[in-house]
Amino acid sequence: MSQSGLITMNHMTHIQQLNPNAVALCSLGRWIASRHWVPATGGNFSIRQDENTALVTASGRDKGELSPQDLLPVSWQQEELFSPLGKPSAETALHAQLYQLDPAIKVVLHTHSVAATVFSRIISTEQYFFSGYEMQKAITGVTSHEQSLPLAIFDNTQNIPALAQQVKHCWQTKPLNFGLLVRGHGLYVWGYSLEQAKRHLEGWEFLINCELERIKLTGKP
Ligand SMILES: CSC[C@@H](O)[C@@H](O)C(=O)COP(=O)(O)O
Ligand SMILES: [Zn+2]
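Since the structure is predicted, the reported quantities are computational estimates derived from the model, not experimental observations.

Chemist: Could you give me a rundown of the overall build of the protein, with the residues and numbers involved?
Modeler: Tallying secondary structure elements over the protein gives six helices and nine strands in all. Here the C-alpha atoms of the protein give a radius of gyration of 18 Å, agreeing with the 17 Å that 2.2 N^0.38 yields for 221 residues. Overall, the C-alpha framework of the protein stretches about 65 × 35 × 30 Å when taken along its three principal axes. The burial tally for the protein puts 38% of its 221 residues in the buried class. Of all intrachain contacts in the protein linking residues separated by at least 6 positions in sequence, the fraction that spans at least 24 positions is 63%.

Structural data, given as structure tokens:
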């Protein structure tokens, strides 16, 4: 690497260590890992910096042991992504798509819990409706357990830009309630703040676990 390249990388590392967004996302990553929702380097996280840029976890890192320099700046221009300082998550295109679909989104979290992975495989439809749970109110906009709360489920693919296009299409027709499942893969949630994204993650995980348990006990999906 050239001398000027080294200076740039060191400079960026220093900036990231002082960036409160980066520090807060690493701390949330540790909490998420403590729940066993990001095993074996699975999962990825991002936090918006401005209209067209977010810090995204570097690909292949242990998401429970992140430091601020593991968060790489990524910018987007529609489907094009720019990441000058390293290799961001393999699923960056989906994060960028969500940020473009709603400019108020501040944080995107992707996890690989056992419950979300199994649940998404036993449900074969494109949406699953949750109702009857008080904890549905953890999802922004839900005011009653009597509301029917849909969670979209997309088939897994290694073609993440194609998945991002499907999510964009779905966004225009069916409401996505701050979360979606990728079949046999995991959960994506987002929020307008770090705290809200964390609440959506915990809320969806709770609801998915409840339904999985109910289906196990009653045999009725
Ligand atoms: C442990 S393999 C999981 C990956 O294929 C992927 O699904 C994932 O969530 C993590 O990828 P990453 O590129 O580290 O963000
Ligand atoms: Zn994943």
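Still more ground to cover, so stick around.
Chemist: Describe unusual backbone geometry, with residues and values.
Modeler: One non-glycine residue, Thr41, lies in positive phi territory at about 70 degrees. For Thr41, the position within the fold is in the loop between α2 (20-34) and β1 (44-50). Note on Thr41: 15 C-beta atoms within 10 Å, which makes it partly exposed. Phi is positive for Gln78, close to 50 degrees, though the residue is something other than glycine. Looking at the secondary structure, you find Gln78 in the loop between β3 (71-77) and β4 (80-82).

Chemist: Kindly report on the packing of helix α3 (residues 92-101) against helix α5 (residues 160-173), identifying the contributing residues and their values.
Modeler: For the pair α3 and α5, interaxial distance at closest approach is 8 Å and the crossing angle is 25 degrees. With respect to each other, α3 and α5 are oriented roughly parallel. Here the hand of the crossing between α3 and α5 comes out right-handed. Across the interface between the two elements, Ala93, Leu94, Gln97 and Leu101 of α3 pack against Ile160, Pro161, Leu163, Ala164, Val167, Lys168 and Trp171 of α5.

Chemist: How would you explain the UniProt feature "binding site: Zn(2+)" (unreviewed entry) in the protein if you had to name every residue and give the values?
Modeler: Per the UniProt record, "binding site: Zn(2+)" (unreviewed entry) is found at His110 and His112. Along the chain, the position of His110 falls in strand β5 (residues 107-111). For His110, a count of 27 C-beta atoms within 10 Å corresponds to the buried category. Apart from residues no more than four positions distant in its own chain, His110 is found in contact with Gly43, Asn44, Glu91, Gly186 and Tyr188. Looking at the secondary structure, you find His112 in the loop between β5 and α4 (114-122).

Rules behind the numbers
Residues numbered from 1 in each chain as written. Chains lettered and ligands numbered in written order. Predicted model: local features only at pLDDT ≥ 70, side-chain atom pairs only at ≥ 80, totals over all residues. Helix = DSSP H or I, 4+ residues; strand = E, 2+ residues; numbered from the N terminus. Rg over C-alpha atoms; globule rule 2.2 N^0.38 Å. Buried ≥ 20, exposed ≤ 12 C-beta atoms within 10 Å, placed from the backbone. Contact = placed C-beta atoms within 7 Å. Axes fitted to C-alpha atoms, helices over the stretch in contact; angles between N-to-C directions. Parallel < 35°, antiparallel > 145°, perpendicular 65-115°, else oblique. Left-handed = near helix turned anticlockwise from the far one by under 90°. UniProt positions renumbered as here; feature names shortened; annotations may be inferred.

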